[in-house]
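These are the residues of each chain, in order.
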Amino acid sequence: MSEWRQRRDLLLSAKGVGNVLAYTLMSELPEVGKLNRKEIAALVGIARMNRDSGSFQG
């Protein structure tokens, strides 16, 4: 079985994931399955990041 088919089947096994979402994730984020969840969150832009600079913290 090809690597892409295995990824698609894994994504489709998650509740609420259909063909459209599975293929969108595979095309937009080919890193899925190769990076851990923190790395994927940072890549997508939903990871919390500190905005500390000098004496400013927030």
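S.K.: What is the right way to read the packing of helix α1 (residues 3–12) against helix α2 (residues 19–28) from this model?
M.R.: A pair of packed helices is captured by two measures, namely the crossing angle of their axes and the spacing between those axes. Direction vectors running N to C along α1 and α2 enclose 130°, while the axes themselves pass 9 Å from each other. Considering their axes alone, α1 and α2 lie oblique with respect to each other. The element α1 and its partner α2 pack so that their crossing is right-handed. Where α1 abuts α2, its residues Trp4, Arg7, Arg8, Leu11 and Leu12 lie against Asn19, Ala22, Tyr23, Leu25 and Met26. Split by residue class, the contact of α1 with α2 holds seven nonpolar, one polar and two charged.

S.K.: Is there a simple way to explain the pattern of salt bridges in this structure?
M.R.: Opposite charge on two side chains lets them pair, provided their charged atoms get close. Applying the stated criterion to the full structure yields two salt bridges. The partner of arginine 8 in a salt bridge is aspartate 9, with the nearest N and O atoms 3.0 Å apart. For arginine 8, a relative accessible area of 21% translates into the label partly exposed.

S.K.: Whenever I open this one, the packing of aromatic side chains confuses me. Can you help?
M.R.: In this description, a pair of aromatic rings is defined by centroid distance and the angle of the planes. Inspection of the entire model under this criterion finds zero aromatic pairs. Over the face of the ring belonging to tryptophan 4 we find arginine 7, whose NZ or CZ atom lies 5.1 Å from the ring centre.

S.K.: Looking at this model, I keep getting lost on the confidence of the model for the protein. Mind explaining?
M.R.: As a note on interpretation, predicted positions should not be read in detail where pLDDT is low. On average, residues of the protein carry a pLDDT of 85, and 91% of them reach 70 or more. Mean pLDDT values for the elements of the protein range from 86 in helix α3 (residues 37–44) up to 92 in α2.

S.K.: Is there a simple way to explain α3 in this structure?
M.R.: Because the α-helix completes a turn every 3.6 residues, residues three or four places apart line up on one side. The opening residue of α3, the one whose side-chain oxygen lies 3.0 Å from the backbone nitrogen of lysine 38, is asparagine 36. Looking one or two places after α3, you find glycine 45, whose phi comes out positive at around 100°.

S.K.: Could you clarify how one ought to interpret the environment of glutamate 3 in this entry?
M.R.: You can see glutamate 3 is positioned in helix α1. The spatial distance from the C-alpha of glutamate 3 to the C-alpha of methionine 49 is 33 Å, given a sequence separation of 46 residues. Within polar-contact distance, the side chain of glutamate 3 engages the side chain of arginine 7 at 2.7 Å.

Conventions and cut-offs
Residues numbered from 1 in each chain as written. Predicted model: local features only at pLDDT ≥ 70, side-chain atom pairs only at ≥ 80, totals over all residues. Heavy atoms only, no water. Axes fitted to C-alpha atoms, helices over the stretch in contact; angles between N-to-C directions. Helix = DSSP H or I, 4+ residues; strand = E, 2+ residues; numbered from the N terminus. Parallel < 35°, antiparallel > 145°, perpendicular 65-115°, else oblique. Left-handed = near helix turned anticlockwise from the far one by under 90°. Contact = heavy atoms within 4.5 Å. Nonpolar A, V, L, I, M, F, W, Y, C, P; charged D, E, K, R; others polar. Salt bridge = Lys/Arg side-chain N within 4 Å of Asp/Glu carboxyl O. Buried < 20%, exposed > 50% of the residue type's maximum accessible area, 1.4 Å probe, protein only. Phe/Tyr/Trp six-rings, centres within 6.5 Å; stacked < 30°, edge-to-face > 60°. Lys NZ or Arg CZ within 6 Å of the ring centre and 35° of its normal. pLDDT = per-residue confidence, 0-100. Polar contact = N/O pair within 3.5 Å; in protein donor to acceptor, adjacent residues only side chain to side chain.

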